[in-house]
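Examination of the molecular architecture
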Amino acid sequence: MAKRKFKAESQKLLDMVINSIYSQREVFLRELISNASDAIDKIYYKALTDDSLTFDQSNYYIKLIPNKEKRTLTVIDTGIGMTKEELENNLGVIAKSGSHTFKSENEIKDGHDIIGQFGVGFYAAFMVADKVTVLTKSIDSEEGYKWVSQGSDGYTITPIERKEVGTEIILELKENEEEDNYDEFLEEYTLKRIVKKYSDFIRYPIKMDVTERKLKEGTEDEYEDVIEEQTLNTMVPIWKKNKNELTDEDYKNFYQEKRYGFDQPLRHIHINVDGTVRYNAILFIPEQAPFNYYSREYEKGLELYSNGVLIMEKCADLLPDYFSFVKGMVDSEDLSLNISREMLQHDRQLKIIAKNIHKKIKQQLLALLRDDREKYETFFKAFGQQIKYGVYSDFGQHKEDLQDLLLFYSSTEKKLVTLEEYVSRMPEDQKYIYYASGDSNERIEKLPQTEIVADKGYEILYFTDEIDEFAIKMLMQYKDKEFRSVSSGDLGIEADEKEEAKEETENHNELFKAMKEILGDKVKDVRASKRLKSHPVVLSADGEISLEMEKIINAMPDDQQIKADKVLEINVNHSIFKALEAAQGNDEDKLALYTNLLYNQALLIEGLPIEDPVAFTNDMCKVMV
Ligand code: ADP
Ligand code: MG
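This write-up is about the structure you can find in this document. Values in this document were obtained by computation on a predicted structure and should not be read as measured data.

Before going further, it helps to examine the overall build of the chain. Scanning the chain from N- to C-terminus turns up 20 helices and 22 strands. On C-alpha atoms alone, the chain measures out to a radius of gyration of 34 Å, which is more than a quarter above the 25 Å that the 2.2 N^0.38 rule sets for 625 residues. The 625 residues of the chain split such that 49% are buried. A total of about 31,100 Å² of accessible surface is found on the chain, and carbon and sulfur atoms cover 46% of it. Distance between charge centres in the chain, computed from 84 positive and 120 negative side chains, equals 1 Å.

Below is the structure:
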């Protein structure tokens with residue numbers, strides 16, 4: 001019988017599992033038990049939907065058999081079993097389920113994180129065993145099979161005689177080494193402890209023959225060892241337990257057991273509702289965005305159970321898009337087992353549950369913001385963009401719901417602030433909520449447009465995400481305060497300043513007209529600026545389309561190109577203005593040269609592309625020589 005090789009990826013990961021640090025090696029048992037439980041779920045589900053099968057709860061269990069003489073630990077289940085093809089496909093490849101595949105070796109951190117990070121599942125067995133044998137017979141197969149592997153060199157599959165449907169996994173434990181004692185996995189109390197810790201809520205009994213010292217019958221002081229089969233787990237699913245009985249650790253274990261993410265949950269939400277619609281749910285807000293989160297590949301959804309039986313792995317209808325990062329499960333007694341996806345969409349119960357869940361998530365996020373700002377910022381760094389998309393999407397119909405979850409960097413506080421905090425700090429005379437857009441906080445800080453507003457002592461919110469300005473345009477106002485870009489035509493700062501600028505423009509009308517002529521339709525107007533102090537020029541935009549929006553939309557593939565109505569604003573108090581005045585009427589070439597240079601400078605400051613870089617550098621040279 002030829003040995004087969006593992007698929008390349010699995011091989012690599014397997015090596016790492018085998019050589020990993022063993023601080024978490026006990027989770028191998030969690031993995032095997034969880035697979036066994038899944039296998040029983042499958043047969044259970046099949047029986048429910050197939051009349052020719054009957055499901056007698058008492059026939060289904062998981063059993064652990066430690067054998068000290070042979071140094072083996074066997075895990076038996078009466079689940080659905082595997083066909084030859086399934087053995088080949090399921091145990092020959094690690095983590096085939098998409099999200100579990102790892103992208104590169106660099107991502108594999110410390111060995112002991114592997115389990116958490118990549119969900120190696122079945123392969124975790126090799127953390128404690130150097131030989132693993134799987135005996136199995138599928139419900140769909142006449143024959144049984146034996147799969148044997150001694151680790152990374154490959155595996156063999158041979159047919160065997162086997163009557164019972166189900167799977168038996170025999171681990172031949174590694175030799176003890178100085179620091180690593182594998183014998184502990186043969187001890188009843190260790191196995192009991194591990195099952196309690198990770199697998200207590202498994203719905204099927206996890207049995208083991210346990211030896212207990214008991215008083216010999218008919219005697220007063222003679223003891224004997226009695227072996228009796230015990231069920232090690234309480235079988236109450238964690239979501240049906242009372243919240244007070246559970247610790248953070250329990251929820252974390254559940255998150256990992258369920259493989260909701262390779263990170264740690266930032267917060268959990270446990271819901272028990274016993275109203276018109278009865279349901280239990282455990283939801284998690286993850287700490288990190290999955291690597292494919294901001295891509296089309298990412299699928300949102302919660303696991304959906306009907307009275308303890310998993311009926312759908314990713315029920316998308318339970319989560320709005322803007323909360324698509326939430327992981328977890330919902331179990332309801334009021335849902336039919338055989339409900340189809342199409343029917344689910346219209347299910348009244350499910351709609352009520354979804355609405356309810358939505359409310360809870362929002363409450364919890366607000367609570368997190370209130371009680372643990374640091375954690376909330378971690379959350380917002382990972383998923384804030386999604387919340388902003390939520391404000392923007394569906395024509396802004398969720399904006400009121402989401403506005404208090406937003407954070408933006410503040411020019412005065414030098415940290416992320418909420419809109420509420422911003423508004424509460426606004427001085428009497430401040431009319432608007434000011435914002436400035438740019439690639440980074442550092443760049444925005446240097447924008448000339450921020451000068452006047454900052455000088456007034458007003459706080460400016462920095463928009464560095466592409467979505468920011470779009471979301472804010474949708475929001476329009478917060479607590480009756482309108483948003484205003486520092487680049488906008490009307491800053492609402494002081495009437496006389498505006499008048500002053502207008503006056504200045506009129507005073508120098510001829511010059512501005514000449515400059516406008518030189519620039520043609522590149523700009524809509526050239527004016528005296530009222531927002532500049534130390535900088536000579538700045539671009540602003542008249543109308544709805546801001547410079548930032550022009551940049552973002554034009555960067556998108558195959559969207560229509562748009563153009564903001566640009567206004568070139570000149571600082572009449574700057575010495576460069578004198579040079580312009582001097583050139584006007586005297587030296588037309590010089591005026592054209594200066595005007596073009598200033599325009600291009602303004603583009604550069606804005607982070608907009610220069611239309612003709614060669615002409616620009618030639619102009620620079622002309623000034624130098
Ligand atoms: P996962 O459980 O995340 O799919 P695993 O590596 O734990 O990944 O298991 C791989 C696959 O092997 C399972 O999806 C299942 O199809 C199969 N499998 C593992 N153990 C059993 C078992 N005891 N009975 C039936 N199938 C099993
Ligand atoms: Mg598994």
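Note that Lys327 resides in strand S13 (residues 327-332). Here the alpha-carbon distance between Lys327 and Lys314, two residues 13 residues apart in the chain, equals 9.6 Å. Residues within four places of Lys327 in sequence aside, it is in contact with Tyr260, Ile282, Leu283, Phe284, Pro286, Tyr298 and Leu302.

What follows concerns a nonpolar patch on the surface. Together, Met620, Met624 and Val625 line one region of the surface with nonpolar side chains, adding up to about 370 Å² of accessible area. Within the secondary structure, Met620 sits in helix H20 (residues 613-624). Exposure remark for Met620: the relative accessible area of 32% places this residue in the partly exposed category.

Asn35, Ala39, Asp77, Asn90 and Phe122 are the nearest of the twelve residues found near ligand 1. With respect to ligand 1, the side chain of Asn90 contributes an N or O atom lying 3.0 Å from an oxygen atom. Take Thr167: an N or O atom from its side chain is 3.4 Å from a nitrogen atom of ligand 1. Across the complex, the protein chains shield 86% of the 530 Å² of accessible surface that ligand 1 would expose by itself. Those elements that place two or more of their residues in the shell around ligand 1 are helix H2 (27-49) and helix H3 (84-91). Top element by residues in the shell around ligand 1 is H2. It accounts for three residues.

Okay, the side chain of Asp468 next. Relative to the helices and strands, Asp468 resides in helix H14 (residues 466-475). Of the polar contacts made by the side chain of Asp468, one reaches the backbone nitrogen of Thr464; its length is 3.1 Å. In this view, Asp468 contacts Lys388, Phe408 and Phe463; residues no more than four positions away in its chain are not counted.

Our next topic: helix H17 (residues 547-555). What H17 keeps buried is the set Leu547, Glu548, Met549, Glu550, Lys551 and Ile552. In this fold, the buried residues of H17 make contact with strand S16 (433-437), H14, strand S21 (537-542), strand S22 (565-570) and helix H19 (588-606).

Quick look at empty space enclosed by the protein now. Applying the stated criterion across every chain, the model contains one cavity of 30 Å³ or more. If you add up the space inside the largest cavity, you get close to 70 Å³. Residue assignment for the lining of the largest cavity shows that the elements contributing at least two residues are helix H12 (441-445), H17 and H19. Among the residues making up the lining of the largest cavity, the classes are represented as three nonpolar, three polar and five charged.

Here the focus is a negative patch on the surface. Negative charge collects at one region of the surface, where Asp130, Glu175, Glu177, Glu178 and Glu179 lie side by side. Tracing the backbone shows Asp130 in strand S3 (residues 129-137).

What the rule picks out here adds up to 44 salt bridges. Close ionic contact of Lys414 with Glu445 constitutes a salt bridge, the shortest N to O distance being 3.2 Å. One end of the pair, Lys414, is in the loop between strand S14 (408-410) and strand S15 (416-417); the other, Glu445, is in helix H12, and 31 residues separate them in sequence. Judged by relative accessible area, which is 39%, Glu445 ranks as partly exposed. The partner of Glu459 in a salt bridge is Arg425, with the nearest N and O atoms 2.9 Å apart. One end of the pair, Glu459, is in the loop between helix H13 (450-455) and strand S17 (460-463); the other, Arg425, is in helix H11 (residues 419-425), and 34 residues separate them in sequence. The partly exposed category is assigned to Arg425, whose relative accessible area is 33%. A cluster of three or more residues bridged by salt bridges with shared partners is formed by Lys63, Lys207, Asp209 and Glu229.

Since there are 3.6 residues in each turn of an α-helix, residues three or four apart along the chain are aligned in direction. With twelve residues, helix H5 (residues 188-199) should reach 16 Å at 1.5 Å per residue; the first-to-last C-alpha distance of 15 Å fits that figure. Buried residues of H5: Thr190, Leu191, Ile194, Val195, Tyr198 and Ser199, and no others. Buried positions in H5, seen along its axis, are confined to an arc of 130° and lie on one side of it. Considering only its buried residues, H5 is in contact with H2, strand S1 (62-67), strand S2 (72-77), strand S7 (206-215) and helix H6 (248-257).

A few words on the sheet that holds strand S6 (residues 166-173). As summarised here, the arrangement of the eight strands in space is S5-S4-S3-S6-S2-S1-S7-S8, forming an open sheet in which the pairing is mixed. Looking at strand neighbours, the two that pair on one side only are strand S5 (155-160) and strand S8 (223-231), the edges of this open sheet. Pairwise comparison of adjacent strand axes, ignoring direction, gives a mean angle of 20° for this sheet. With six bridges joining them, S1 and S2 adopt antiparallel strand pairing. The partner of Ile62 across the bridge, within S2, is Asp77. On top of the sheet, H2 reaches S1, S2, S6 and S7; it is set at about 20° to S2, its chief contact. Taken strand by strand, H5 contacts S1, S2, S7 and S8, and its axis lies near 135° from that of S7.

Cut-offs and rules
Residues numbered from 1 in each chain as written. Chains lettered and ligands numbered in written order. Predicted model: local features only at pLDDT ≥ 70, side-chain atom pairs only at ≥ 80, totals over all residues. Heavy atoms only, no water. Helix = DSSP H or I, 4+ residues; strand = E, 2+ residues; numbered from the N terminus. Rg over C-alpha atoms; globule rule 2.2 N^0.38 Å. Buried < 20%, exposed > 50% of the residue type's maximum accessible area, 1.4 Å probe, protein only. Areas by Shrake-Rupley, 256 points an atom, 1.4 Å probe, with all protein chains shown as cover. Lys, Arg positive; Asp, Glu negative; His and termini not counted. Charge placed at Lys NZ, Arg CZ, Asp CG, Glu CD. Contact = heavy atoms within 4.5 Å. Patch = residues over 30% accessible without salt bridge, like charges linked within 9 Å, V, L, I, M, F, W, Y side chains within 5 Å. Salt bridge = Lys/Arg side-chain N within 4 Å of Asp/Glu carboxyl O. Near = heavy atom within 4 Å. Polar contact = N/O pair within 3.5 Å; in protein donor to acceptor, adjacent residues only side chain to side chain. 1 Å grid on protein atoms, 1.4 Å probe; cavity = no way out; pocket = protein on both sides within 12 Å on 5 of 7 lines; lining within 4 Å. Points joined across faces, edges and corners; volume = space filled by probe spheres on them. Nonpolar A, V, L, I, M, F, W, Y, C, P; charged D, E, K, R; others polar. Expected span 1.5 Å × (residues − 1). Arc of directions from axis to C-beta. Pairing = 2+ DSSP bridges. Axes fitted to C-alpha atoms, helices over the stretch in contact; angles between N-to-C directions.

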